[in-house]
Amino acid sequence: MTGLGARSIASLPDTAATPSYDRAACGVGIVHLGLGAFHKAHQAFYTDAAMAAQGGDWKIIGVSMRNAQIATDFNAQDGLFTLLEKGVGGTSAQIIGSIDHALCARSQPEAVLDVLSDETIRVVTTTVTEKGYGIDRATGGVDLSNPVIAQDLARAHAPVGVLGLIVTALERRRAAGIAPFTVLCCDNLPDNGAFLRAGIIDFANRLSTDLGQWIADSLPCPSSMVDRITPAQTDDTRALAQELTGTDDALAIETERFHQWVIEDNFPTGRPAWDAAGAIFTDDVAAFEKMKLRLLNGSHSLIAYMGQLLGKTYVRDVMADPCLEAIVRHHLDQAAVTLPPLAAIDVPEYCNALIERFRNPNIAHETLQIAADGSEKMPQRIFAPALDAIAMDGPIDGFAFATALWMWFCKGDVTSPTPLNDPRADLLRKAAMADTPEDMLAGFETLQSVFPNDLISSSRWRKALLEVLKDLADNPMDRVIETTCRRING
Ligand code: CS2
């Protein structure tokens, strides 16, 4: 069996679409930090479509932050990989050609700095997960307790983390008289452009206030809302890609057909025609971000913790239970109330479409994957809308329910023996092991940068949360679900 690569691509069967543009004629223009599954299904897909529509020097140099094998695999395949789009009715395969080559930040930091400092690079995109930036969300500045931040501040000439690489490259560009690139954060964080910009400026100021000022004056960091449900690759993904393309692809990835990208249009040094693949350019990304974080990601976290506490492996398994689906709909209804008006979107229709996406029988999205890093996800997905709901005197039992399940999940007494995957794992586990629901809540409330103070001081919130925690302490999970379902169905 031949492997995927520039030489094998011409002989692929019709079942696999291949790049319709001349890859060799397109130069590079983007460096992407965080070469994972989501990047492949989203930004690499959009950039491939943009070059198919309008050409341009927009190929991507993909940077894996820690895993050198990913970069090796990409280079062995000439940057090519198979994207499997799985709809309810079937699967299609497409070879994506937008990645030129790959590097690994940990093992090749100098090579990464070289490309970031090069004038041809006009855009830097990032998907390193919520915790991957080393930014303290309570202060907006760098998190000095983060080992990568501490190391990069101490050895700024040889950075390996996101902020260190970006700041050192900007310093080199400034010295060489090259304009800054545009930094486009593509992680699920509110106001992600402003968030990353503040972290970059704070990091730079710690090295030189002069550099910090230059960056503050000149660095464009548009916000963006990204969406495409993309499970981690499994052996099945690779086998299916082989079946449809006749070649072996170590990098094949599966995703849903749906995709969405809403971007603030602030790219002084240019950008690909991402709109050719349906990206929406707007001045108001914040409203879209809020909608997506609170509706899709919020209910995803709820599904993940329900699934984990009930021994359900995949999102689709949770959705197959009418009671659990009713709880998800109840959550969506309460979250929808907290959203600002958004003329471009019909929210009830968006919610119905979400339910269908979660139900997709061909997408094997593990609840354990979504359950990871809860302490980094809950604030924007659950706590922020809960606070808005309290301010509006709206219903909050859905948010309290999701929060209590997350806290219970942190106990670790779930069907899976996998250790808690969260940057605050030890603290969470300790807080979750308290003897009483009251002590458990008190322990969680002492965690830094997790619960907002306004939530902790709301007696309504604490009462609603304690009610669910007590229910969980007194009853088995299936009983808790049964009574919750009965209550919300009236
Ligand atoms: C998920 C997201 O893992 C998670 O936390 O909620 O990765 C989700 O699948 C994407 O944001 C969909 O766009």
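Sequence order as written defines residue numbering, which begins from 1 separately in each chain. Totals for whole chains, interfaces and linings use all residues, but because this is a predicted model, local features are given only for residues with pLDDT of at least 70 and pairs of side-chain atoms are given and counted only at 80 or more. Side-chain descriptors were evaluated using all non-hydrogen atoms of the structure, hydrogens and water having been removed beforehand.

Peer 1: Describe in detail the overall build of the protein, supporting the description with residues and values.
Peer 2: Helix and strand content of the protein: 21 helices and 12 strands. Taken over C-alpha atoms, the radius of gyration comes to 23 Å for the protein, in line with the 23 Å a tight globule of 490 residues would show. Seen along its three principal axes, the alpha-carbon backbone of the protein occupies a region of about 65 × 55 × 45 Å. Residue contacts are defined here by distance: any two heavy atoms, one from each residue, within 4.5 Å place the two residues in contact. Long-range pairs, those at least 24 residues apart, make up 77% of the contacts in the protein with a sequence separation of at least 6. Across the protein, the mean location of the 41 positive side-chain charges is 2 Å away from that of the 62 negative side-chain charges. Numbered from the N terminus, helices here are DSSP runs of H or I no shorter than four residues, and strands are runs of E no shorter than two. The reference for a compact globule is 2.2 Å times residues^0.38; the radius of gyration itself is calculated from the C-alpha atoms. For the purpose of charge, His is not counted, nor are the chain termini; Lys and Arg are scored as positive and Asp and Glu as negative. To locate a charge, the coordinates of NZ of Lys, CZ of Arg, CG of Asp or CD of Glu are taken.

Peer 1: Provide a residue-level description of the site of the ligand, including the pertinent values.
Peer 2: Proximity is defined per residue: any heavy atom of the residue falling within 4 Å of a molecule or strand makes that residue near it. Taken together, Asn-188, Asp-227, Arg-228, Lys-292, Asn-297, His-300, His-365, Ile-370, Lys-377 and Arg-381 make up the full set of residues adjacent to the ligand. Think of a polar contact as two N or O atoms within 3.5 Å of one another; within protein, one of them needs to be a possible hydrogen donor and the other a possible acceptor, and neighboring residues in sequence only count if both atoms come from side chains. Within the backbone of Arg-228, an N or O atom sits 2.9 Å from an oxygen atom of the ligand. Here an oxygen atom of the ligand sits 2.8 Å away from a polar atom, N or O, in the side chain of Lys-377. All accessible areas in this document rest on Shrake-Rupley with a 1.4 Å probe, and a residue is counted as covered only by the protein chains that are shown. When the free accessible area of the ligand is taken as 340 Å², the share hidden by the protein chains comes to 89%. Elements represented by at least two residues in the shell around the ligand include exactly α10 (285-310) and α15 (374-391). By residue number, the principal contributor to the shell around the ligand is α10, which donates 3 residues. Charged residues are taken to be Asp, Glu, Lys and Arg, nonpolar residues to be Ala, Val, Leu, Ile, Met, Phe, Trp, Tyr, Cys and Pro, and polar residues to be all remaining types, Gly included. Within the shell around the ligand, the residues separate by chemical class into 1 nonpolar, 4 polar and 5 charged.

Peer 1: Account for the packing of aromatic side chains, naming residues and giving values.
Peer 2: Each Phe, Tyr or Trp ring (for Trp, its six-membered ring) is paired with any other whose centre lies within 6.5 Å, and the angle between the two planes then decides the class: stacked below 30 degrees, edge-to-face above 60, tilted in between. For the coordinates displayed, the defined rule picks out 13 aromatic pairs. An angle of 85° between the planes, with centres 6.4 Å apart, marks the rings of Phe-267 and Phe-281 as edge-to-face. Placement of the pair is Phe-267 in the loop between β11 (260-264) and β12 (280-282) and Phe-281 in strand β12, with a sequence separation of 14 residues. A simple rule labels every residue: compare its accessible area, found with a 1.4 Å probe on the protein chains alone, to the largest value its type can have, and call it buried under 20%, exposed over 50%, or partly exposed in between. Exposure remark for Phe-267: the relative accessible area of 10% places this residue in the buried category. Ring geometry for Tyr-305 and Phe-409: centres 5.1 Å apart, planes at 50°, overall tilted.

Peer 1: Before we move on, can you summarise the sheet that holds β12 with the specific residues and values?
Peer 2: Strands are labelled as partners when DSSP assigns at least two bridges between them. Taken in spatial order, the 3 strands line up as β9-β11-β12 in an open sheet, and their pairing is mixed. A single partner strand is all that each edge strand has here, and the edge strands are β9 (224-227) and β12. Each strand of the sheet is rotated relative to its neighbour by a mean of 15°, with strand direction disregarded. Direction of pairing for β9 relative to β11: antiparallel, over a ladder of 4 bridges. Within β11, the position partnered with Val-226 by the bridge is Trp-261. As a rule, the C-alpha atoms of each element are fitted with a line to give its axis, helices using only the stretch in contact, and angles between N-to-C directions run from 0 to 180 degrees.

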